[in-house]
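Coordinate analysis (summary)
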Amino acid sequence: MNISTINFDSFQKLKDEDCQERIIKAKKKLGKDLLILGHHYQNEAVYRHADFAGDSLKLAQHVQNVEAKYIVFLGVHFMAEVSDILSRDNQITILPDLSAGCSMADMANLAKVERTYREISKVLDFDEKITPVTYINSAADLKAFCGEHQGIVCTSTNAPKILNWAFKQKEKALFFPDQNLGRWTGYKMGIPLDKMPVWDPDLPLGGLTEKQIIESKILLWKGHCAVHQMFRVESIEDFKKNYPNGNVISHPEAPFDVCKNSDLVGSTEFILRTIENADPGTEWLVGTELNLVNRLAKEMKAEGKLVKFMSHVICECSTMARIDPQHLAWTLESLIEENPVNIIKVPQKEADLARLTLDKMLEVS
Ligand code: 13P
Ligand code: SF4
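Residues numbered from 1 in each chain as written. Chains lettered and ligands numbered in written order. Predicted model: local features only at pLDDT ≥ 70, side-chain atom pairs only at ≥ 80, totals over all residues. Heavy atoms only, no water.

The next thing to look at is the overall build of the chain. For the chain, the helix and strand inventory stands at 17 helices and 13 strands. The principal-axis extents of the C-alpha atoms in the chain amount to approximately 60 × 55 × 35 Å. Within the chain, the fraction of its 365 residues that count as buried is 57%. A separation threshold of at least 6 residues defines the contact pool for the chain, and within that pool the share at least 24 residues apart is 68%. Of the roughly 15800 Å² of accessible surface on the chain, a fraction of 50% belongs to carbon and sulfur atoms. Positive and negative charge centroids in the chain, built from 43 and 51 side chains respectively, lie 2 Å apart. (Helix = DSSP H or I, 4+ residues; strand = E, 2+ residues; numbered from the N terminus. Buried < 20%, exposed > 50% of the residue type's maximum accessible area, 1.4 Å probe, protein only. Contact = heavy atoms within 4.5 Å. Areas by Shrake-Rupley, 256 points an atom, 1.4 Å probe, with all protein chains shown as cover. Lys, Arg positive; Asp, Glu negative; His and termini not counted. Charge placed at Lys NZ, Arg CZ, Asp CG, Glu CD.)

We now examine the site of ligand 2. Around ligand 2, the neighbouring residues are Y41, C102, S103, M104, N137, C225, E253, C317 and M320. Of the pockets mapped on this structure, ligand 2 occupies the largest pocket. Considering only residue class, the shell around ligand 2 consists of six nonpolar, two polar and one charged. (Near = heavy atom within 4 Å. 1 Å grid on protein atoms, 1.4 Å probe; cavity = no way out; pocket = protein on both sides within 12 Å on 5 of 7 lines; lining within 4 Å. Sits in = over half its atoms within 2 Å of the grid points. Nonpolar A, V, L, I, M, F, W, Y, C, P; charged D, E, K, R; others polar.)

Let us now look at helix α9 (residues 159-169). Every buried residue of α9 is listed here: A159, I162, L163, W165, A166 and F167. Residues of α9 that are buried make contact with β5 (130-135), β6 (152-154), β7 (172-176), α10 (179-188), β9 (218-221) and α17 (348-364).

To continue, consider the packing of helix α6 (residues 110-121) against helix α8 (residues 140-148). Running from amino to carboxyl end, α6 crosses α8 at an angle of 25°, the nearest separation of the two axes being 9 Å. Our classification of the angle between α6 and α8 gives roughly parallel. Between α6 and α8, the residues in contact are L110, V113, E114 and Y117 and D141, L142 and F145, respectively. Of the residues that constitute the contact of α6 with α8, the class distribution is five nonpolar, no polar and two charged. (Axes fitted to C-alpha atoms, helices over the stretch in contact; angles between N-to-C directions. Parallel < 35°, antiparallel > 145°, perpendicular 65-115°, else oblique.)

A few words now on the packing of aromatic side chains. Here the structure, examined in full by the defined rule, presents nine aromatic pairs. Taking 6.1 Å as the distance between ring centres and 80° as the angle between the ring planes, the aromatic pair formed by Y117 and F145 counts as edge-to-face. Placement of Y117 in helix α6 and of F145 in helix α8 is noted, with a sequence separation of 28 residues between them. Between Y187 and F256, the ring centres sit 4.9 Å apart and the planes meet at 90°, which makes this aromatic pair edge-to-face. In this pair, Y187 sits in helix α10 while F256 sits in helix α13 (residues 256-260), placing the two residues 69 residues apart along the sequence. Of the residues examined, Y187 reaches a relative accessible area of 30% and is grouped as partly exposed. Among the aromatic side chains, those forming a connected cluster through ring pairs are Y117, F126 and F145. Above the ring of F167, the side-chain terminus of K217 is found at 4.4 Å from the ring centroid. Over the ring of Y47 we find R295; its NZ or CZ atom is 3.4 Å from the centre of that ring. (Phe/Tyr/Trp six-rings, centres within 6.5 Å; stacked < 30°, edge-to-face > 60°. Lys NZ or Arg CZ within 6 Å of the ring centre and 35° of its normal.)

A few words now on the side chain of T134. Its location among the elements puts T134 in strand β5. Residue T134 is classed as buried on the basis of its relative accessible area of 0%. At 2.9 Å, the side chain of T134 and the side chain of S138 are in polar contact. If near-sequence neighbours (up to four positions away) are discounted, T134 is found in contact with L142, K143, C146, I152, V153, C154, F176 and P177. (Polar contact = N/O pair within 3.5 Å; in protein donor to acceptor, adjacent residues only side chain to side chain.)

Along the polypeptide, K172 turns up in strand β7. Measuring from C-alpha to C-alpha, the distance between K172 and P132 comes to 8.7 Å, with 40 residues separating the pair along the chain. Excluding anything up to four places from it in sequence, K172 contacts L124, K129, I130, T131, F167, I213, I214, E215, S216 and K217. For K172, the side chain forms a polar contact with the main-chain oxygen of I214, separated by 2.5 Å.

Bringing α8 into the picture now. Counting buried residues in α8 gives seven out of nine residues, a clear majority hidden from the surface. Here α8 has its buried residues at A140, L142, K143, A144, F145, C146 and G147. On the buried face of α8, the contacting elements are α5 (77-86), α6, β5, β6, β7 and α17. With its phi angle positive at about 50°, Q150 sits one or two positions after the end of α8.

For the rest of this paragraph, the subject is the site of ligand 1. Neighbouring ligand 1 are H39, Y41, D55, S56, Y135, N137, S156, H228, H251, E253, S267 and T268. Between ligand 1 and the protein, one listed contact pairs an oxygen atom with a side-chain N or O atom of H251 at 2.8 Å. A distance of 2.8 Å separates an oxygen atom of ligand 1 from a polar side-chain atom of E253. Calculation on ligand 1 without its partners gives an accessible area of 300 Å², and the protein chains cover 96% of this total. For ligand 1, the cavity whose grid points lie within 2 Å of the majority of its atoms is the largest pocket.

Here the focus is empty space enclosed by the protein. A complete count under the given rule lists one cavity of 30 Å³ or more for this structure. Here the largest cavity is characterised by a volume of approximately 60 Å³. The set of elements that each furnish at least two residues to the lining of the largest cavity consists of α4 (56-63) and α5. Tallied by class, residues from the lining of the largest cavity come to eight nonpolar, two polar and no charged. (Points joined across faces, edges and corners; volume = space filled by probe spheres on them.)

Geometry only, nothing functional implied.
Next comes the structure, spelled out in structure tokens:
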């Protein structure tokens, strides 16, 4: 990380409104040198400054066409790593707050994945039988692991296509770190639940018997999103009682029974487009992060559509929320000083291997 001549402390004390003015001024000054990318879960206070917004796949596809010298990423760490890997060498990706991680991505790390590789290899030839598939919500070194073992990356949008591809290569898949996305995708492909056992990386042989491993089709890493884990079937039942013609739409990171009881399941972009294109007068219960649902509810109200959040408790992605106007103003003003802070740079060897799997993913998508 660079040492900035501008100290963040002075920004921390600024009011949101003051930051908004400074961000607008800085964006004007930086002009074509800057492009701000934003994920749909970002808070309105920063999301409004994004030049382009999308789900993980759309953002990964878009970053390859960006001409700007600086890419400021309103999202979490793994997204900024993908931006660094897929952008050109002379472009710089910046994450306004380096502590904006993803708790699900943190549920898998290289040491555990390598131990899993060794454990599975006691039972069968991993490289002959298994395609490792990592959800894009993972650190770059796990994507590099997949690059080394003929594996691939997927997002919530393309998971069915990617798993299809994986099974064309080898008979089984190891899917990490989100068991819910892996299970839902496998289930929709017709794979029985007992052929998708959960692999606990902290237990010998993942807590499974040799027979379970040999008979499995997908080994599901024991990981999940703490935000989406909060959604419950009871909320769907309550909604259906009150709105018998209402529709339920969820993100595939939600628990299996929530997805099963939803009318539609898909990525954040899919959720947004589906509701935006729905008829006036329709009613929606949405099982994904709060910022997205609140924004959508407000926008759709004007079109006569009702959008309700699936949980009674607040399900906000607290790490996404770390990107606030104070950090955005700080990083932009540091760029004006030509002294960028919070640069995300994936080590070259790791980036090259991770790029292999990301390119493969983009090709298969
Ligand atoms: P999307 O790719 O659907 O936007 O999902 C990213 C994510 O982190 C959801 O929790
Ligand atoms: Fe990660 Fe969950 Fe936040 Fe998505 S919502 S970034 S999976 S912690």
